[in-house]
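Working through the structure, step by step
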Amino acid sequence: MSARIRILPSALADQIAAGEVVERPASVVKELLENAIDAGATRVVVEIADGGQTLIRVTDDGSGMPPEDAALCVQRHATSKIASSDDLFAIRTLGFRGEALPSIASVSRLCLTTRPAAALSGSRVYVEGGGAAELSDHGGAPGTSVEVRDLFYNVPARLKFLKAKPTESAQVGSVCLRAALAHPQLALRVVRDGRATLDMLRAPNALARVQAAFPEETLSSYEGNFDGVNVLAALCAPEKARAGSQHLHLFVNHRPVRDTTLARAVAYAYGSVLPPGRFPAGVVYLELDPAEVDVNVHPQKLEVRFARGRAVMDGLTRWLAKRLGTAAWSGPSARGNDYWTQRLGTSLGTNLQPHASSGGVGGFAAPAPLPSPAADAPDPWGLHGRTGAALADRVAELTSDLQPTAATPLLGQAGFFSSLRVLGQARRMFLVCEGDTGIHVLDQHAADERVRYDQLQRAYNERELKTQRLLFPERVECSEAEALAVETHQAELERVGLPCTRLGPTTVAIAAVPALLCRAAPARLLRDILVELDHAGERAFGDAVDMALATMACHGAIRAGDLLSPQELAALLVSLDAVHDFRGHCPHGRPVVCSLPWDDLERRLGR
Amino acid sequence: MKRALALAGLTLAELAQRVGVALPAEPRRDKGFVGRLLERALGVKSSASAVQDFPELGIELKTLPVDAQGKPRESTFVCHVDLVRIADCDWERSRVRHKLSRVLFLPIETHRELPFAQRRIGSAWLWSPSADEENVLRHDYDDLVGRIAAGEINELRAHVGQAMQLRPKAAHAGVRTRSNDAEGAPASAHPRAFYLRASFTGALLQRAFALPE
């Protein structure tokens, strides 16, 4: 016999609803933090014990609630944040559904104490497992404190799905960090099992907050707007990108969001220097008309929907791409900074580098460099022009515990590379150069790859990609799938200067190669490009072309092991200066140059 | 042109299979096979030597056997010479100029060690003489025709001419054709034809495919 349909008891309905909102302790903290921020709090303390399972307490100095509101707030769909359906389409608060407190109360022992600043006394509401609310008078500081004890005590099935306590604590920490990033003016303290793990003072602006939140990251910041969207971004160098987007914090109208498309839009802005699947670390704030964003997509409000989704994503990619390309991710890496801080007791300063076009904060004044000897000064050590293992060993010794740093700030300066004096080629792999500020070691392959990529891209964009026809087309024996791919991508291959035809079921012929790539082996080039073009489904076609051009540049570039003449070395440096963007990185994201400032060198050698 | 480009990279065996003809058992004894195969593949209708291979397009088809370094292995036949009438025909009206005004070259890979069936067809390219090239050809033509008119046909050797030369062209050494002597009296000589020198076509190849000099 089938069961009869019946209306569920409200307590059970609340528990089911709680499943969507209260997934784990971190979601409780998120909801309570949002309530505190919506109440205008300037200081919030989050305390947790045992990963949030036995205790979560969020105390704020916000507006507080009168007794009647306090009694209502634990009822389902009771909220002060919206009143009509029109409000749903222009939400300016973090919460609005009126679901959080009743959901939390239905799966825990919840005690809320609150007092408006103007009131003489406050109220206390106690709810156990979704039961009736007990209201009483209570004395206390202005603001609200919500204490959640024994989370999921009445839903043991949920407890089984919680991770280890340190993992849950870390999740709470992430939620608090995102809230702190979203609201720089908020002072936020997180206490975990009696120990403060995060203590954020009020910050004057978002960039200062980012700097305080990520002292170990070297980020480059950009500020501006496009198409009615205000953007503030602080992003890391390509070589510091991570697999996965969890280190990329995205905010839309001060709301932390997890949006894969938005994260991809940011990653795409790096072009080929960021391989598919990798995302930069950093923060991106977007601010736009609330009417253009739908936050009512999921109860957790971590997802948003844009009214002009495609335009916002494309606009963001283009806007960032313009800026990232000329960014000078500078300064020693985090470990390098710590190294000097620990050993010399001096800090090299902040790692947040404002982009030239932005009005960001940060930057540090480097000590004035000593003048380098004149180009025609005598060379008593016979070092100039020396090529070989001795020089390589010396450089390796001097730079042994330096991180391969991001490009120096000088990279952004016009004529930086041309101003370098080449001391020699080491291990037929590195160009050792002397500049005004220190010694610079360039990776010859990465440098030439960047130059060729830039030339290819420019020619491609201007539809002037010159090809060199092969007298006898290169026959490539391949699998049937590869031959089919050649047939499928025939037009794209022709556009990137690699026209191919299918001769037979498993034979294709390469008729020409881009004239810039005389060093490339056509068959290998074709196979690699097919792999990139196959990714066109994952990325926009333009990105697939970028990747294909990057592969082509890599194949055609000077290789490690190539001995270069002085003329070739000089030409390479001049060409690097002509590069449009990302001149400090090869198209696949590796740094081109590693620098050792003179003052570091002098310290190391005890001068 | 599209059809010619589509042949690039195919071996002679593959092309023969596509066209539906058998490869000769002894290719050395059938020197014109490759030319005929390509003409058939490209749909050349005319076989008359007086007109171009693609008269409606004004294009002459020429195969160019090249070695592993991309150098032509032999000179390229242009056209037969009418030893009696050629003295009255200047460069502008000449069959040589007509044939060379637009040439579709088809390189054929021809190494000694490469089996005939595996020889590849190269990238076709359309050539028309530049002003400089035409000047050189005209100079050679005038020089060679001048010597024929002077009745020096039997003394004319293949070293004469910078880009173009005159060489015997007959099935065997016993074949003779009509000519005139120095006074204009009828005489006989071995049939001759104009050929482009390998150095000339080599330079064209070098420019077209950026080959090392």
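Computed from a prediction, not measured in an experiment: that's the story for all the values here. (Residues numbered from 1 in each chain as written. Chains lettered and ligands numbered in written order. Predicted model: local features only at pLDDT ≥ 70, side-chain atom pairs only at ≥ 80, totals over all residues. Heavy atoms only, no water.)

What follows concerns the packing of helix α8 (residues 260-268) of chain A against helix α9 (residues 309-324) of chain A. Residues and elements named next belong to chain A. α9 packs onto α8 with a crossing angle of 30° between their chain directions and a minimal axis gap of 8 Å. Our classification of the angle between α8 and α9 gives roughly parallel. Considering only the axes of α8 and α9, their crossing is right-handed. When α8 is examined against α9, the residues Thr261, Leu262, Ala265, Val266 and Tyr268 are found in contact with a partner set consisting of Met313, Leu316, Thr317 and Leu320. When the residues that make up the contact of α8 with α9 are grouped by side-chain class, the tally is seven nonpolar, two polar and no charged. (Axes fitted to C-alpha atoms, helices over the stretch in contact; angles between N-to-C directions. Helix = DSSP H or I, 4+ residues; strand = E, 2+ residues; numbered from the N terminus. Parallel < 35°, antiparallel > 145°, perpendicular 65-115°, else oblique. Left-handed = near helix turned anticlockwise from the far one by under 90°. Contact = heavy atoms within 4.5 Å. Nonpolar A, V, L, I, M, F, W, Y, C, P; charged D, E, K, R; others polar.)

Before going further, it helps to spend a moment on the interface of chain B and chain A. In this complex, chain B contributes 24 residues to the contact, which on the side of chain A involves ten residues. Among the residues of chain B in contact with chain A, Arg120(B), Ser123(B) and Phe209(B) are the three that bury the most area, contributing 35% of the side total. Between chain B and chain A we count one salt bridge in total. Summed over the shared surface of chain B and chain A, the result is eight residue pairs in polar contact (both at pLDDT 80 or more). (Buried area = accessible area lost by both parts, 1.4 Å probe. Salt bridge = Lys/Arg side-chain N within 4 Å of Asp/Glu carboxyl O. Polar contact = N/O pair within 3.5 Å; in protein donor to acceptor, adjacent residues only side chain to side chain.)

All names here are of chain B. Read from one edge to the other, the open sheet built from three strands follows the order β1-β3-β4, with strand pairing classed as mixed. The sheet is open, and its two edges are formed by β1 (60-66) and β4 (125-127), each paired on a single side. Put simply, the sheet's adjacent strands are angled 35° from each other on average, direction ignored. Bridge count for strand β3 (residues 103-109) against β4 is three bridges, and the pairing is antiparallel. Paired with leucine 104 across the bridge in β4 is leucine 126. (Pairing = 2+ DSSP bridges.)

This part covers the packing of aromatic side chains. Residue and element names in this part refer to chain B. By the definition in use, this model includes eleven aromatic pairs over all chains. Aromatic pair phenylalanine 77 and tyrosine 195: ring centres 5.7 Å apart, planes at 70°, arrangement edge-to-face. Remark: tyrosine 195 occurs in strand β8 (residues 192-196) and phenylalanine 77 occurs in strand β2 (residues 76-80); sequence separation between them is 118 residues. Judged by its relative accessible area of 8%, tyrosine 195 falls in the buried class. (Phe/Tyr/Trp six-rings, centres within 6.5 Å; stacked < 30°, edge-to-face > 60°. Buried < 20%, exposed > 50% of the residue type's maximum accessible area, 1.4 Å probe, protein only.)

This paragraph deals with a nonpolar patch on the surface. Residue and element names in this part refer to chain B. On the surface, Met1, Leu5 and Leu126 cluster together into a nonpolar patch covering about 250 Å² of accessible area. For leucine 126, the location among the structural elements is in strand β4. By relative accessible area, which is 34% here, leucine 126 ends up partly exposed. (Patch = residues over 30% accessible without salt bridge, like charges linked within 9 Å, V, L, I, M, F, W, Y side chains within 5 Å. Areas by Shrake-Rupley, 256 points an atom, 1.4 Å probe, with all protein chains shown as cover.)

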